[in-house]
Amino acid sequence: MEIFVLFGVLFLLLAIGVPVAFALLGAALATFAVADIPLIVAVQRMAAGISVFTLMAIPFFIFAGDLMYRSGIAERLVRVADAAFGRVRGGLGLVDVGASMMFGAVSGSAIASASAIGSTMVPLMDEKGYDRDYAVNVTVTAAIVGLLIPPSHNMIIYAAASGIGVSIGDLFLAGIVPGLLTGGMLMVTTWAVARRRGLPRGHFPGWRAFIRALVYAIPGLFTGVLIMGGILSGIFTPTESSAIAVIYTALVGTFVYRNLGWSGFWEAAQKSVRTAAMVLFIIAAATAFGFALALLEVPAALAGLIAAITQNPILTLLIINLMLLALGTFMDMAPLIVITTPIFLPVAMATGIDPVHFGIILMLNLGIGLVTPPVGSVLFVGSAVGGVPIEKMVATIWPFYLTLIAALVLVSFVPSLSLWLPSLW
């Protein structure tokens, strides 16, 4: 009865348009009421869910990402990518993917990447004669790469939700090769679709222009080097690195690029506070929902069901991936990480899957959900930035979906892609 109430209330609230965080909290409260558990338990679990030191990095990384956008770092990354890839057919599409990869390496946010790169690239591609739906499709799918290339605040959420002390530094390292692989595969797809549609070809501006663009972009790109170098060398923790990223980005934007003033800094601070509050509230509500799941022994029952179906590690991982893909179509990434990690991680580990490897699988899998209707937040950001209806985007985005699925298969079933770099450190 309690399980029926938990999921029944959740799906009912989602169906009538209640925000995900409130739907999760409402389902948990309804379950506690039916099970005669004091409702104060929900408040206690919510407080415990966000009283984690590593989660302090999330507001700072969000703030740093917004400062990067306002300080002109995104624009300079576009210039580097344009100088490198702009001369081939559909070159601006490749520029979009390349710039998203570089921006992801310094912001770690898919939504920030879709907003920052999209606001620059979509109007430019439209002006050069590219189909607008193509421009938006490339932008939103390339933004997913930012979830893999460090730093990624979603990896921090996973490390906190794992409950076994998964190293954030190892997760950051593990995402580099899968991120580059996914970005490379998207570039190939971008070029193939551009060739099939007969989209324009750019020109190479010369090595001098390329080197100049690269030099101008180095201060922004150094943000990622500073973060990873500090964490891996032990100079500072991931939480401390997020604060240092804010300070460094503010200094670069103010004194090097000179695009960031007090008004821009204040606007970035206000927007980041709202975004961080939303993310942390989602995590808190998801923690209460996850506690209800654990209380009803749903994870154990699901693990038993999967074990009854198969003991084969490959089939187990396939089933988990299919379940995560289905869940990602109607729930946002942060709450899914908090809810599904305690459920699926023990099952994956029981079949010999490394928790760091599983974390990268989770990032890419749920990242695909961000560009999948009906609840694809990055998809909606791209639609808003590009002015293209969701229906038109979905009708032509399927080659990019197939590419992301192919990348997920490779990352899932070739563990060395994720574990090679952490094993060297």
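Structure first, text after, so check above.
Here's what I pulled together on the structure shown here. (Residues numbered from 1 in each chain as written. Predicted model: local features only at pLDDT ≥ 70, side-chain atom pairs only at ≥ 80, totals over all residues. Heavy atoms only, no water.)

Look at D36: it is not a glycine, yet its phi comes out positive at around 60°. Note that D36 resides in the loop between α2 (20–34) and α3 (40–50). Although it is not a glycine, R258 adopts a positive phi angle of roughly 55°. Its location among the elements puts R258 in the loop between α13 (238–256) and α14 (262–295). (Helix = DSSP H or I, 4+ residues; strand = E, 2+ residues; numbered from the N terminus.)

To continue, consider the nonpolar core. Counting residues in each nonpolar core, the largest one holds 145 residues, and the members touching the most others are L24, Y134 and Y158. Broken down by element, the residue count for this core peaks at 13 residues, all from α14. Here L24 is in contact with L10, A285, A286, F289, M331, P335 and I339, once residues within four sequence places are set aside. (Core = buried A, V, L, I, M, F, W, Y, C linked by side-chain atoms within 4.5 Å. Buried < 20%, exposed > 50% of the residue type's maximum accessible area, 1.4 Å probe, protein only. Contact = heavy atoms within 4.5 Å.)

With 16 residues, helix α21 (residues 398–413) should reach 22 Å at 1.5 Å per residue; the first-to-last C-alpha distance of 23 Å fits that figure. When we look at burial in α21, the residues that qualify are P399, F400, Y401, T403, L404, A407, L408, V411 and S412. (Expected span 1.5 Å × (residues − 1).)

Here we come to the side chain of S383. Within the secondary structure layout, S383 lies in helix α19 (residues 377–386). Judged by relative accessible area, which is 14%, S383 ranks as buried. A distance of 2.6 Å separates a polar atom in the side chain of S383 from the backbone oxygen of V388. (Polar contact = N/O pair within 3.5 Å; in protein donor to acceptor, adjacent residues only side chain to side chain.)

Take a nonpolar patch on the surface next. A contiguous nonpolar surface patch, about 710 Å² in accessible area, is contributed by I314, L315, L318, L322, I405, V409, L410, F413 and V414. The class of I314 is exposed, set by a relative accessible area of 54%. (Patch = residues over 30% accessible without salt bridge, like charges linked within 9 Å, V, L, I, M, F, W, Y side chains within 5 Å. Areas by Shrake-Rupley, 256 points an atom, 1.4 Å probe, with all protein chains shown as cover. Salt bridge = Lys/Arg side-chain N within 4 Å of Asp/Glu carboxyl O.)

Let's shift gears to the packing of helix α12 (residues 207–233) against α13. Relative to each other, α12 and α13 sit at 160°, their axes nearing to 10 Å. Classified by the interaxial angle, the pair formed by α12 and α13 is roughly antiparallel. In this structure, α12 meets α13 at a crossing whose hand is right-handed. On α13, the residues that touch P219, F222, T223, L226, I227 and I231 of α12 are P238, S241, I244, A245, Y248, T249, V252 and V256. The residue makeup of the contact of α12 with α13, split by class, is eleven nonpolar, three polar and no charged. (Axes fitted to C-alpha atoms, helices over the stretch in contact; angles between N-to-C directions. Parallel < 35°, antiparallel > 145°, perpendicular 65-115°, else oblique. Left-handed = near helix turned anticlockwise from the far one by under 90°. Nonpolar A, V, L, I, M, F, W, Y, C, P; charged D, E, K, R; others polar.)

Another point: helix α1 (residues 2–15). One full turn of an α-helix is made of 3.6 residues, so residues set three or four places apart face in the same direction. Under the 1.5 Å per step criterion, the end-to-end length of α1 is 20 Å for 14 residues, consistent within 8% with the ideal 20 Å. What α1 keeps buried is the set V5, L6, L10 and L13. The arc that holds every buried residue of α1, seen down its axis, measures 120°, which confines them to one face. Of the exposed residues in α1, the ones pointing more than 90 degrees away from its buried face are F4, L12 and A15. (Arc of directions from axis to C-beta.)

Time to look at the pattern of salt bridges. Per the stated rule, a full pass over the model turns up three salt bridges. The residue D126 makes a salt bridge to R132 at a minimum N-O spacing of 2.9 Å. The exposure class of R132 is partly exposed, given its relative accessible area of 27%. Among the ionic pairs, R197 bridges to D131, the shortest N-O distance being 2.9 Å. Here R197 is found in helix α11 (residues 176–197), whereas its partner D131 is found in the loop between α7 (110–127) and α8 (132–143), with 66 residues between them in sequence.

On to the environment of F344. One can find F344 in helix α17 (residues 333–350). Judged by relative accessible area, F344 falls into the buried class, the value being 3%.

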